[in-house]
Amino acid sequence: MFIGALTLDILLGDVRSLKQKRSLVRPLIAEIQRKYPAIAVAEAGHLDLHRRAEIGVAVVSASAANCDEVLDACERLVAYHPEIELLSARRRLFNDHEE
């Protein structure tokens, strides 16, 4: 069993309030969940900043290759949004043999 974790640090466009931030981040999270229903995704950081957001994605799979494939697809989906600038993407892969 493999567990893949992806942390996406994003910069939002012309956002002036936390309400506007939510109006961009919530639909993005919903789109990721709709496209990949077997993953977990949530806003995980920068909760008090109105132009930054951190989105966490987690996937469980029988193979490392499948984890990487799903996380790559999620990263691309976020990166292709014109109103969002992807600042960084950090990825970790865990397996059940690690202590």
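Nothing here was measured: the structure is a model prediction, and the numbers come from that model.

With that settled, consider the overall build of the protein. If you tally the helices and strands in the protein, you get two helices and four strands. The order of helices and strands in the protein, counted from the N terminus, is β-α-β-β-α-β. Scaling as 2.2 N^0.38, a compact globule of 99 residues should have a C-alpha radius of gyration of about 13 Å, and the protein matches this with 14 Å. Overall, the C-alpha framework of the protein stretches about 45 × 25 × 20 Å when taken along its three principal axes. Counting all 99 residues of the protein, 30% fall into the buried class. The long-range fraction of contacts in the protein, counting pairs at least 24 apart against all pairs at least 6 apart in sequence, stands at 70%. Within the structure as shown, the protein displays about 6000 Å² of accessible surface, and the carbon and sulfur contribution to it stands at 53%.

Right, let's talk about the sheet that holds strand E1 (residues 2-12) for a bit. Strand order in this open sheet of four strands is E2-E3-E1-E4, and the pairing throughout is antiparallel. The open sheet has two edge strands, strand E2 (40-45) and strand E4 (84-95), and neither has a second partner. The sheet shows a mean angle of 20° between the axes of neighbouring strands, direction not considered. Inspection of the sheet shows E1 paired to strand E3 (residues 52-61) by 10 bridges, in the antiparallel sense. Among the inter-strand pairings, aspartate 9 is bridged to a residue of E3, identified as glutamate 54. Running over the sheet, helix H1 (residues 18-35) touches E1, E2, E3 and E4 and is turned about 155° from E2. The strands touched by helix H2 (residues 64-79) within the sheet are E1, E3 and E4, with E1 carrying the most contacts at an inclination of about 10°.

We now examine the nonpolar core. Grouped together as the largest cluster of nonpolar side chains are 22 residues, with contacts concentrated most on Ile10, Leu28, Ile32, Ile55 and Val57. Setting aside residues up to four positions removed in sequence, isoleucine 10 forms contacts with Leu28, Arg51, Arg52, Ala53, Ile55, Val78, Ile84, Glu85, Leu86 and Leu87.

Okay, H1 next. An ideal rise of 1.5 Å per residue puts 26 Å on 18 residues; H1 measures up with 26 Å between its terminal C-alpha atoms. Taken together, the buried positions of H1 are Lys21, Val25, Leu28, Ile29 and Ile32. The buried residues of H1 occupy an angular sector of 100° when projected down its axis, which confines them to one face. Residues Lys19, Arg26 and Arg34 are exposed on H1 and point more than 90 degrees away from its buried face.

Moving on: the pairing of E1. Pairing of E1 with E4 involves 11 bridges; the strand directions are antiparallel. Looking at E4, one finds that leucine 12 is bridged to isoleucine 84.

The rules behind each value
Residues numbered from 1 in each chain as written. Predicted model: local features only at pLDDT ≥ 70, side-chain atom pairs only at ≥ 80, totals over all residues. Heavy atoms only, no water. Helix = DSSP H or I, 4+ residues; strand = E, 2+ residues; numbered from the N terminus. Rg over C-alpha atoms; globule rule 2.2 N^0.38 Å. Buried < 20%, exposed > 50% of the residue type's maximum accessible area, 1.4 Å probe, protein only. Contact = heavy atoms within 4.5 Å. Areas by Shrake-Rupley, 256 points an atom, 1.4 Å probe, with all protein chains shown as cover. Pairing = 2+ DSSP bridges. Axes fitted to C-alpha atoms, helices over the stretch in contact; angles between N-to-C directions. Core = buried A, V, L, I, M, F, W, Y, C linked by side-chain atoms within 4.5 Å. Expected span 1.5 Å × (residues − 1). Arc of directions from axis to C-beta.

Keep in mind that these numbers describe shape and distance, not what the molecule does.
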